[in-house]
Amino acid sequence: MQKLKNSVLDKLLQSHLTKAEVDFLIELSHYQDNSGKVHGVYYRSMCEATGMSYQTFYVTMLSLADKGLICFKKAYYGDWDITILDNDFSYPEAVKEGYISTGHDIFYDEAFKELKANEKLLAMQFLKIGGAGKRYHIGVELFYEKYAELLQVAKRTIQVYLGRLKAFFSIGIKDKMYWITPLQKVFKDRAPKDIQNFATHLGMVALRRNKAVCTKESLKDTLELVKQYAQSLKEETAEIFLGAVAGSIAKTNESVRDKRKWDRNLNPKFIHKLMRSSM
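Residues numbered from 1 in each chain as written. Predicted model: local features only at pLDDT ≥ 70, side-chain atom pairs only at ≥ 80, totals over all residues. Heavy atoms only, no water.

1. Overview of the sheet that holds strand 7 (residues 169-174)
Logical step 1: Spatially, the 3 strands line up as an open sheet ordered 6-8-7, and their pairing is antiparallel. Bordering the open sheet on either side are strand 6 (136-139) and strand 7, each of which pairs with just one other strand. Here the average twist between neighbouring strands, direction ignored, is 20°.
Logical step 2: Relative to strand 8 (residues 177-182), strand 7 runs antiparallel, the two sharing 6 bridges. Bridge pairing links F169 to P182 in strand 8.
Logical step 3: Its contacts with the sheet put helix 7 (residues 140-151) on strand 6, strand 7 and strand 8, and the angle it makes with strand 6 is roughly 95°. (Pairing = 2+ DSSP bridges. Helix = DSSP H or I, 4+ residues; strand = E, 2+ residues; numbered from the N terminus. Axes fitted to C-alpha atoms, helices over the stretch in contact; angles between N-to-C directions. Contact = heavy atoms within 4.5 Å.)

Set out below in structure tokens:
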């Protein structure tokens, strides 16, 4: 569920975030469940995806928690369960509160990843207010007054931001109004889908936590289980799936005392059986 609520976006705009903090939140959003929770966030994977150092990962996670944007708990050696606060879509009326999709191509574009924190936040505001196929318009002076105050920067700095954002938005002035429209490249629909991201992430968590091994086929079949049950299990999907993978390996090796000798091959059929028994 690659979504960030409008209320969360407004909070980000007022939190004076660093580039690492913005990147951290966007990356989290790619793998969250309907409640805004991401299971098994592994520091190495996050660092590889965002380009931040290991030290920056820890500093950023703590800083975002201090700013009231996330909460986290240690779940396993080297990974955390992290929730984007107030980004809960588990209740029926949630989508009506407004959101942007972080599954759009813009969020996977290398040029977007190179933008500064405020440039990314401004782009996300444009998507929130305008959206796909719509034009955001606002008086020129009001625009500078509004965002200079929110971002705590000078008018000239905002003009620099707009210059860089022209890679993703049509930005022009007519009748003393700014007219801002997302370019088609923002919505090309080539980026990974929500369910694929969610399943792949949980699969990697299961492999790492259980030191499991797999064939291409067994991994594919195992990930299909996540996709199959995600709609019905919703927020319980991760817990049930990860528990079933761990349980399948433990039960397969009940008679083997030395864990170093355990058979750790993924067994999709057994995992499926355990998932159904947990429902």
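What follows continues from the structure just given.
2. Examining the sheet that holds strand 3 (residues 70-76)
Logical step 1: Strand order in the open sheet formed by 3 strands is 2-4-3, with antiparallel pairing between adjacent strands. Of all strands in the sheet, those bounded by a partner on one side alone are strand 2 (37-42) and strand 3. For this sheet, the mean angle separating the axes of adjacent strands, direction not counted, is 30°.
Logical step 2: Pairing of strand 3 with strand 4 (residues 79-84), which is carried by 6 bridges, proceeds in the antiparallel orientation. When the sheet's bridge partners are listed, K74 is paired in strand 4 with W80.
Logical step 3: The sheet contacts of helix 2 (residues 19-29) involve strand 2, strand 3 and strand 4, and relative to strand 4 the element is tilted by about 90°.

3. Overview of the environment of V41
Logical step 1: Looking at the element boundaries, V41 is found in strand 2.
Logical step 2: On the basis of relative accessibility, which here comes to 4%, the residue V41 falls in the buried class.
Logical step 3: For V41 and A75, which are 34 residues apart along the polypeptide, the C-alpha to C-alpha distance reads 9.0 Å.
Logical step 4: Each residue touching V41, except ones within four places of it in the same chain, is listed here: L28, M46, F57, G78, D79, W80 and I82. (Buried < 20%, exposed > 50% of the residue type's maximum accessible area, 1.4 Å probe, protein only.)

4. Remarks on the nonpolar core
Logical step 1: Counting residues in each nonpolar core, the largest one holds 58 residues, and the members touching the most others are F24, F57, F143 and F169.
Logical step 2: If sequence neighbours within four positions are ignored, F57 has contacts with F24, V41, Y43, M46, C47, M52 and W80.
Logical step 3: L219, L223, I240 and A244 belong to the second-largest nonpolar core, a separate cluster that totals 26 residues. (Core = buried A, V, L, I, M, F, W, Y, C linked by side-chain atoms within 4.5 Å.)

5. Digging into helix 3 (residues 43-50)
Logical step 1: Buried within helix 3 we find Y43, M46, C47 and T50. Taken end-on, helix 3 shows its buried residues confined to a sector of 100°, consistent with a single buried face.
Logical step 2: Buried residues along helix 3 sit in contact with helix 2, strand 2 and helix 4 (54-66).
Logical step 3: In the segment just after helix 3, G51 is the residue with positive phi, at about 85°. (Arc of directions from axis to C-beta.)

6. Some thoughts on unusual backbone geometry
Logical step 1: Within the chain, K176 stands out as a residue other than glycine whose phi angle is a positive 60°.
Logical step 2: In this fold, K176 is placed in the loop between strand 7 and strand 8.
Logical step 3: A positive phi is found at D189, a non-glycine position, where the angle reads about 70°.
Logical step 4: In this fold, D189 is placed in the loop between strand 8 and helix 9 (194-210).

7. Here's the deal with helix 10 (residues 216-233)
Logical step 1: Taking 1.5 Å per residue, 18 residues should reach 26 Å; helix 10 reaches 25 Å between its end C-alpha atoms and fits that length.
Logical step 2: For helix 10, the set of buried residues is S218, L219, T222, L223, L225, V226, Y229, A230 and L233. End-on view of helix 10: buried residues confined to an arc of 140°, all on one side of the axis. Across helix 10 from its buried face, at more than 90 degrees, point the exposed residues K216, K220, Q231 and S232.
Logical step 3: In this fold, the buried residues of helix 10 make contact with helix 9, helix 11 (237-252) and helix 12 (268-278).
Logical step 4: K234 sits one or two residues past helix 10 and shows a positive phi near 50°. (Expected span 1.5 Å × (residues − 1).)

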